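Now for the letters of each chain:
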Amino acid sequence: MNRETSSFESSDTLVVVDRARRRRMMFIAAGVAAIVIIVAFMLMRGGKDEQAAAGGASGSGQVPTVTVVVPGRSDVPRTVTASGALAAHRDQPIGIAGSGGRVTSVRVDAGRWVGAGAVLATVDRSVQSQQAAQLAAQVASAKANAQLAQNNYERAVALQGRGFVSKAEIDSKRAARDAANAQVRVSQAQLDATRAEIGRLDVRAPVSGLVLARNVEVGQIVSPGTGALFRLAEGGRMEMRAQLSQQDLVLVHAGMPASVTPIGTDRAFSGQVWQVAPIIDPQSRQGEVRILLPYDPSIRPGGFAEARINAGETSAPLLPQSAVLSDDKGNYVYIVNAKNEVERRGIKIGTISDAGVTIAEGLTGQEAVVLSAGPFLNPGQKVSPKRQSAR
């Protein structure tokens, strides 16, 4: 009886275990199926997104839209820029005019204003003064002799009427008188020459102006071969000697207004072109333009400056700065041709202002120029141009 009970219990246990195993397998199968369905759905959706993204990217990348403008030609101010050195308009070297000697005094220094004829320095004149005194005494002696000869002649003329003096003696007295008067004139001329030589021992300013340099000291021995003792800017006027290229030189003529800015300052000075060089340097292919400037302490001879010369107006294409590109080959723009293809066009820039960039060479003004996005384009690339009206 006990054995039968055990058999029934084992059979029931097996049935229960088998049912649990089946149920577990069903759950696993259902979970796997759900996972497969979810993965398949995600893959299908991702593929569609990638296709859509690829389709959109390929559609926009192959034919990008760019904004273009046909600039035409505008009347813009023509400004010629140049650089060069500052100098005195009339830089006058002043040296010793006399025989020279030891400098006894120097009365001015660099940076001083002087008038015409002002004494800048003096040279020792002790020897010349003694010579002048000697000549003055000779003049006095000659005058006394001339007076004596005149008196003798007058007495002889008075005695001639009484028959006491012959005509020959009268002629002799007249000759002696004339010789004495001539000797007075000779002595006087020698005295005047010595006095003039003494005056030349003063170093004087030939014109009024600004002393630029002093190259002499007290005690220095000077002579006509010493060189310039002072340098003087006539009237204090300055100038800029701008160097221009051959093609720019033909645009400039005397009388044109100019603006000069010395290096190291942002202050611009108004001037005027007063001379254009008649020749061009064969080495540099440049010519000199001289711009007259008023005196100002900021304008120092020997300095460097930038000049902008107003050379009238010109008709040229005018573009925004965003349209002009540059690399190691030079300045250029991108244009869109009739086939809607990008072309590179080399240009030469004229003037740059708030209004834009003037194109001196390379464009006629009838081209469709890419306004922006130039760095992202390549020559030959197809684009879809969107035209913008020129300003």
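Parameters and conventions
- Residues numbered from 1 in each chain as written.
- Predicted model: local features only at pLDDT ≥ 70, side-chain atom pairs only at ≥ 80, totals over all residues.
- Heavy atoms only, no water.
- Pairing = 2+ DSSP bridges.
- Helix = DSSP H or I, 4+ residues; strand = E, 2+ residues; numbered from the N terminus.
- Expected span 1.5 Å × (residues − 1).
- Contact = heavy atoms within 4.5 Å.
- Phe/Tyr/Trp six-rings, centres within 6.5 Å; stacked < 30°, edge-to-face > 60°.
- Buried < 20%, exposed > 50% of the residue type's maximum accessible area, 1.4 Å probe, protein only.
- pLDDT = per-residue confidence, 0-100.
- Core = buried A, V, L, I, M, F, W, Y, C linked by side-chain atoms within 4.5 Å.

A. How the structure looks around the sheet that holds strand 20 (residues 348-353). If you trace the three strands from one edge of the open sheet to the other, you get 16-21-20, paired in antiparallel fashion. On the outer flanks of this sheet lie strand 16 (318-319) and strand 20, each paired with one strand and no other. Where strand 16 lies against strand 21 (residues 356-361), two bridges are found, and the strand directions are antiparallel. Its bridge partner being in strand 21, Leu319 is matched across the sheet by Val357.

B. Just helix 2 (residues 126-160), in detail. Over its 35 residues, helix 2 runs 52 Å from end to end, which matches the ideal 51 Å to within 8%, given 1.5 Å per residue. Contacts made by the buried residues of helix 2 are with helix 3 (167-199).

C. Structural view of the packing of aromatic side chains. If you walk through the whole model with that rule in mind, you get two aromatic pairs. For the pair Trp113 and Tyr295, a centre-to-centre distance of 5.1 Å together with 90° between the ring planes defines the contact as edge-to-face. Separated by 182 residues along the polypeptide, Trp113 in strand 5 (residues 113-114) and Tyr295 in the loop between strand 14 (286-293) and strand 15 (304-316) bring together distant segments of the chain. Taking the relative accessible area as the measure of exposure, Trp113 reaches 44% and is therefore partly exposed.

D. Broad picture of helix 3. For helix 3, built from 33 residues, the straight-helix expectation of 48 Å at 1.5 Å per residue is met to within 8% by its first-to-last C-alpha distance of 48 Å. When helix 3 is considered as a whole, its buried residues turn out to be Ile170, Arg177, Ala180, Val184, Ser187, Leu191, Thr194 and Ile198. Lining the buried residues of helix 3 we find helix 2 and strand 7 (202-204).

E. Local environment of the confidence of the model for the protein. Here the protein averages 81 in pLDDT, and 83% of its residues register 70 or above. When pLDDT is averaged over each helix and strand of the protein, the minimum, 52, is found for helix 1 (residues 2-62) and the maximum, 94, for strand 14. Predicted confidence is poor over residues 1-17, with pLDDT under 50, and the contacts of this stretch with residues over four places away or in other chains come to zero contacts. A low-confidence stretch, residues 46-61 stays under pLDDT 50, and its non-local contacts, those more than four residues away or across chains, total one contact.

F. Geometry of the nonpolar core. With 25 residues, the main nonpolar core has Met240, Leu244, Ile291 and Ile309 as its most contacted residues. The set of elements that each furnish at least two residues to this core consists of strand 2 (74-88), strand 11 (238-245), strand 12 (257-262), strand 13 (269-276), strand 14 and strand 15. Discounting chain neighbours no more than four positions away, the residues touching Ile309 are Arg78, Thr79, Val80, Leu244, Val252, Met256, Pro257, Ala258, Val273, Val289 and Ile291. Listed in part, the 18 residues of the second largest apolar core include Leu120, Val123, Val211 and Leu232.

G. Quick look at the pairing of strand 19 (residues 342-346). Across five bridges, strand 18 (residues 330-336) lies against strand 19 in antiparallel orientation. Pairing of Tyr332 across the sheet is with Gly346, part of strand 19.

H. Region of interest: the environment of Ser270. The topology assignment puts Ser270 in strand 13. Sequence separation between Ser270 and Pro257 is 13 residues; the distance between their C-alpha atoms is 7.4 Å.

I. Focus on the environment of Ser259. For Ser259, the position within the fold is in strand 12. With 49 residues separating them in the primary sequence, Ser259 and Arg308 have C-alpha atoms 5.2 Å apart. Sequence-distant contacts of Ser259, defined by excluding residues within four places in its chain, comprise Ala268, Phe269, Glu306, Ala307 and Arg308.

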